[in-house]
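Listed below are the residues making up each chain.
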Amino acid sequence: APAGAEPAQLVLERTATAHGRAADGRRLLPCTLIDIAGLVPGAYLGRGKGNLFLQELCRADVLIHVVDGSGTTDKGGNLQEAPEALLASGSGGTGVIDEIGWVRAEIHFWVFTNVRHKRPTWRRRPHRLLDMFVGYGSSPALVAGVLRRARQAAVAAAGGEDCGVRDDEYLARACGGSAAADIRGASLDDPADVELHRLVAMYVATRWPVAVALNKMDVPSAALHEAAVRKRYPRRVVVPVSARAELELLRAHAQGECEYALGGGAPTTASTPGAAADIGKLAQALAVLDRWGSTGTLHVISRAVGLRPPTLAFPCSDIATLAPLGREDGPPLYDCLQLKPLTTVGDLYECCKREMLCAGDLVRAELMQVGGTPSAAAVVRRDETVASRGAIVRIQTRRASWQHKGVVNESELQVRAKQDKITGRRRQAG
């Protein structure tokens, strides 16, 4: 969780949380990582796995692009010729910078080709332009924001006055082109194609923000590429990473050879020496901490999630004591739920039920900002968004006669949750 997501006093005291804390005291939260491997140049044209691969991207909110920061492998992940010379010179064949650029280009041309192919449809029916992008797993609100910014950019580029039509109508005119241009194919000499490229670029950057993980930073040549990448992409999120060092530190910690916390850059001290080979690997891992401050593995995930941050909610049973919901004598704000940005209070309540934190019907909900006072808590309706009023949520429920009065044990809650899932009554938060 980002700094400031919970009261500072709880962070300083390192109060217990459902998933623990990182070395710097921040709360750890779960996230789902999808390994999407096998992208090759020309995938949008059908090479490799083609669209089957690219469609997997729709399952992700953000992307972590793992790049060989040492420059010793090519685009296919194959070791370059004469790796010793590459290590000595710091060069890397096609180059790390090219590796970062072509992946974004593949995604761009995949979307551009699909949208342009359907151009006759949304040229006649401008309202269909929004549907072209919603199909990539985007919410209508996200696409509407992209269309609004693209329209503003198109008006500024044209140097004319904005007219009073809707965003989709304006862009359908600017990007629609003509039937002859559809047959002729895409060209940067066509103003309509240029505007469509601009629209797609804005959408791709918004829909799939990318954090670049420069891996293999334990290799000597990596430092040269890291500086070049930051110079070429000053606005990109670039994080030095050494997966090998992280694995070695976790292994050494499990075997009692050192003290190491997940994602830690804190001083690591060896306690029990292991085999000579392990000592050498551990020394290399410690050198990564000295050089970069951490292995970067947890940091790059945190930075990626921060590109499209979820709404955090802390369900509690008492606003004054911050006692956790559904847990007797638990530490304050023990649970933290990650929600979509426009999640309502009713959706949050359903999410708490699925997490087995409460049961029954929602009677009352109060929201309070982190760091606020109990007197500032406000009663909210079911249809109000969580992010608009606060992150600390007090939920009160009532059990009807048919819901079996009294305390429900955990096994009964599990049975009900399974039944709700089977019958399709479960709602997705947000």
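The shown structure was predicted, so the numbers you read here are calculated from the model rather than taken from an experiment.

## Side note on the packing of aromatic side chains
In step 1: In the structure shown here, the tally under the stated rule is 6 aromatic pairs.
In step 2: Aromatic pair F133 and Y203: ring centres 4.7 Å apart, planes at 50°, arrangement tilted. You can see F133 sitting in helix α6 (residues 128-134) and its partner Y203 sitting in helix α10 (residues 191-207), a full 70 residues away along the chain.
In step 3: The exposure class assigned to F133 is buried, which follows from its relative accessible area of 1%.
In step 4: Taking the centre distance of 6.2 Å and the plane angle of 75° together, the rings of Y136 and W208 count as edge-to-face. Of this pair, Y136 sits in the loop between α6 and α7 (140-158) while W208 sits in the loop between α10 and β2 (210-215), and the two are 72 residues apart along the sequence.
In step 5: With relative accessibility at 8%, the residue Y136 sits in the buried group.

## Quick word on the environment of T206
In step 1: With respect to the helices and strands, T206 occurs in helix α10.
In step 2: You can call T206 partly exposed: its relative accessible area is 23%.
In step 3: What T206 contacts, discounting residues up to four positions off in sequence, is L142, V146, R149 and R308.

## Focus on the state of the cysteines
In step 1: Considering all chains together, one arrives at 0 disulfides under this definition.
In step 2: We note that C352 lacks a disulfide partner, and the nearest cysteine sulfur, in C358, lies 5.2 Å from it.
In step 3: Taking the relative accessible area as the measure of exposure, C352 reaches 0% and is therefore buried.

## Some words on the confidence of the model for the chain
Low-confidence regions, as indicated by low pLDDT, have predicted coordinates that should not be scrutinised in detail.
In step 1: Here the chain shows a mean pLDDT of 81. Residues at 70 or above account for 81%.
In step 2: Between residues 401-408, whose pLDDT stays under 50, and residues either more than four places distant or in other chains, the model counts 12 contacts.
In step 3: Contacts for the low-pLDDT stretch residues 422-430, under 50 throughout, to residues beyond four places or in other chains number 15 contacts.

## Some words on the nonpolar core
In step 1: In terms of nonpolar packing, the biggest core is built from 47 residues, with V111, F133, L199, Y203 and W208 touching the most fellow members.
In step 2: The biggest single contributor to this core is helix α4 (residues 96-117), with 9 residues.
In step 3: The contact partners of Y203, leaving out residues within four places of it in the chain, are V111, F133, Y136, S138, L142, V143, V146 and W208.
In step 4: Formed by 18 residues, the second largest nonpolar core is a distinct cluster that contains L325, C351, L357 and L367.

## Points about the packing of α7 against α10
In step 1: Where α7 meets α10, the closest approach of the two axes is 9 Å, and the angle between their N-to-C directions is 140°. Relative to α10, α7 is oriented oblique. Between α7 and α10 the crossing geometry is right-handed. For the pair α7 and α10, the contacting residues are L142, V143, V146, L147, R149, A150, A153, A154 and A157 in the first and E195, R198, L199, M202, Y203 and T206 in the second.
In step 2: The class makeup of the residues in the contact of α7 with α10 is 11 nonpolar, 1 polar and 3 charged.

## Describing the pairing of strand β9 (residues 392-398)
In step 1: Looking at chain direction, strand β4 (residues 311-318) and β9 are connected through 3 bridges and run parallel. Within the sheet, the bridge partner assigned to F314 lies in β9 and is I392.
In step 2: Summarising the sheet, strand β7 (residues 361-368) and β9 pair through 7 bridges and their orientation is antiparallel. Bridged to R364 within β9 is Q396.

## With respect to the pattern of salt bridges
In step 1: Using the criterion set out here, one finds 24 salt bridges in the structure.
In step 2: With a closest N to O distance of 3.5 Å, D61 and K340 form a salt bridge. A residue pair is termed long-range when its members are at least 10 positions apart, and D61 in the loop between α2 (51-56) and β1 (63-68) and K340 in the loop between β6 (337-339) and α15 (345-354) qualify at 279 residues.
In step 3: Across the pair E366 and R394 runs a salt bridge, and its minimum N-O distance is 3.2 Å. On the criterion of sequence distance, the pair formed by E366 in strand β7 and R394 in strand β9 is long-range, its members being 28 residues apart.
In step 4: Overall, R394 belongs to the partly exposed group, its relative accessible area being 23%.
In step 5: Three or more residues are tied together by salt bridges with common partners; here these are R116, R119, R123, D182 and D193.

Calculation notes
Positions within a chain are numbered from 1, following the residues in the order the chain's sequence is written. Confidence filtering applies because this is a predicted model: local features only for residues at pLDDT of at least 70, side-chain atom pairs given and counted only at 80 or more, and all residues used for totals across whole chains, interfaces and linings. The side-chain values count all of the structure's non-hydrogen atoms but skip hydrogen atoms and water molecules. Pairing of aromatic rings covers Phe, Tyr and the six-membered ring of Trp, with a centre-to-centre limit of 6.5 Å; geometry is then stacked below 30 degrees between planes, edge-to-face above 60, and tilted otherwise. Runs of E in the DSSP output that reach at least two residues are strands. Runs of H or I that reach at least four are helices, and both are numbered from the N terminus. Here the term buried applies to any residue with accessible area under 20% of the maximum for its type, exposed to any over 50%, and partly exposed to those in between, with areas from a 1.4 Å probe on protein chains only. Should any heavy atoms of two residues lie within 4.5 Å, those residues are counted as being in contact. In what follows, a disulfide is any cysteine sulfur pair within 2.5 Å. Per-residue confidence from the predictor is reported as pLDDT, a score between 0 and 100. In these notes, a set of buried Ala, Val, Leu, Ile, Met, Phe, Trp, Tyr and Cys residues joined through side-chain atoms within 4.5 Å is what counts as a nonpolar core. Note on geometry: axes are lines fitted to C-alpha atoms, helical ones only across the stretch in contact, with angles between N-to-C directions running from 0 to 180 degrees. Each angle is binned into one of four classes, with values under 35 degrees roughly parallel, values over 145 roughly antiparallel, values of 65 to 115 roughly perpendicular, and all other values oblique. In this scheme the handedness of a crossing depends on how the near helix is turned from the far one: anticlockwise by less than a right angle means left-handed, clockwise means right-handed. Three classes are used: nonpolar for Ala, Val, Leu, Ile, Met, Phe, Trp, Tyr, Cys and Pro, charged for Asp, Glu, Lys and Arg, and polar for all others, with Gly counted as polar. If DSSP finds at least two bridges between two strands, the strands pair. We count a salt bridge whenever a side-chain nitrogen from Lys or Arg sits within 4 Å of a carboxyl oxygen from Asp or Glu.

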